[in-house]
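# Understanding the architecture of this molecule
Here is how the chains run, residue by residue.
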Amino acid sequence: QLQLVESGGGLVQPGWSLRLSCAASGFTFSRYIMSWYRQAPGKERELVAAITSAGGITNYADSVKGRFTISRDNAKNTVYLQMNSLKPGDTAVYYCKVRFNGVDYWGKGTLVTVSS
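These lines cover the structure that appears in this document, whether it is placed above or below. (Residues numbered from 1 in each chain as written. Predicted model: local features only at pLDDT ≥ 70, side-chain atom pairs only at ≥ 80, totals over all residues. Heavy atoms only, no water.)

## Here we look at the sheet that holds strand E8 (residues 78-83)
This is how the line gets drawn: Two strands form a pair only when DSSP identifies at least two bridges running between them. Strands here are runs of E lasting at least two residues and helices are runs of H or I lasting at least four, both read from the DSSP assignment and numbered beginning at the N terminus. Fitting a line to C-alpha atoms yields each axis, with helices limited to the stretch in contact; the angle taken between N-to-C directions then spans 0 to 180 degrees.
Spatially, the four strands line up as an open sheet ordered E1-E3-E8-E7, and their pairing is antiparallel. Of all strands in the sheet, those bounded by a partner on one side alone are strand E1 (3-7) and strand E7 (68-73). With strand direction ignored, the average angle separating the axes of adjacent strands in the sheet is 15°. Inspection of the sheet shows E1 paired to strand E3 (residues 18-25) by five bridges, in the antiparallel sense. Pairing of glutamate 6 across the sheet is with cysteine 22, part of E3.

What follows is the structure, encoded as structure tokens:
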């Protein structure tokens, strides 16, 4: 069945970097737009970044533009989120998502905590 598994989260200090990974299975990964979302405590889930099936077009939330980079490796069925210059406001659970046959599928998320 379709599965998304995020990894790479952790506790970092402000200004540090992290790279998140989302390993996908159960569908033809290379045909689908992939997205990263995040949900901070007490806040709604928000779109962070998205990438088209071949990786040619990316889109970012204003709050992460210039700091985060989404990419994908269709040979490895994996989407990445490189996060640089992390801020305390980036603290959240990060999820990857795919819309497959009109249904949104989510991973279980990976926690990123930015704190000194």
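## Brief notes about the pairing of E8
Short version of the rule: Exposed residues in this analysis have more than 50% of their type's maximum accessible area, buried residues have under 20%, and partly exposed residues fall in between, with area computed by a 1.4 Å probe over protein chains only.
Within E8, five of the six residues are buried, leaving the element largely enclosed by the surrounding structure. Inspection of the sheet shows E3 paired to E8 by six bridges, in the antiparallel sense. Within E8, the residue paired with arginine 19 across the bridge is glutamine 82. Bridge count for E7 against E8 is six bridges, and the pairing is antiparallel. By the bridge assignment for E8, phenylalanine 68 is matched with methionine 83. Hairpin remark: E7 followed by E8, antiparallel, with four residues in the connecting loop; positive phi at asparagine 77, about 50°.

## Describing the pattern of salt bridges
Keep this limit in mind: By definition here, a salt bridge exists when the distance from a side-chain nitrogen of Lys or Arg to a carboxyl oxygen of Asp or Glu is within 4 Å.
Inspection of every chain in the model, using the stated rule, returns six salt bridges. With a closest N to O distance of 2.9 Å, aspartate 90 and arginine 38 form a salt bridge. In this pair, aspartate 90 is assigned in the loop between E8 and strand E9 (92-100) and arginine 38 in strand E4 (residues 34-39), connecting sequence segments 52 residues apart. Arginine 38 shares its class with aspartate 90; the two are buried.

## Notes on the side chain of serine 21
Rules: The contact definition used throughout considers only heavy atoms, calling two residues in contact when any of these lie within 4.5 Å.
You can see serine 21 is positioned in strand E3. Aside from chain neighbours lying at most four places away, what touches serine 21 is Val5, Glu6, Ser7, Trp36, Thr78, Val79 and Tyr80.

## With respect to the nonpolar core
We count it as follows: Buried Ala, Val, Leu, Ile, Met, Phe, Trp, Tyr and Cys residues that are joined via side-chain atoms within 4.5 Å together make up what is termed a nonpolar core.
If you look at the biggest cluster of nonpolar residues, it comprises 31 residues, and the most contacted ones within it are Leu4, Phe27, Trp36, Leu81, Met83 and Tyr94. Mapped by element, the contributors of at least two residues to this core are E3, E4, strand E5 (46-51), E7, E8, E9 and strand E11 (110-114). Setting aside its immediate chain neighbours within four residues, phenylalanine 27 contacts Leu2, Leu4, Tyr32, Met34, Val98 and Phe100.

## A few points about the environment of leucine 111
Looking at where leucine 111 falls in the secondary structure, it is placed in strand E11. For the pair formed by leucine 111 and glutamate 6, sequence separation is 105 residues and the distance between their alpha carbons is 9.5 Å. Excluding residues that lie within four positions of it along the chain, leucine 111 makes contacts with Gly9, Gly10, Ala92 and Val93.

What is shown is where atoms sit, not what they do.
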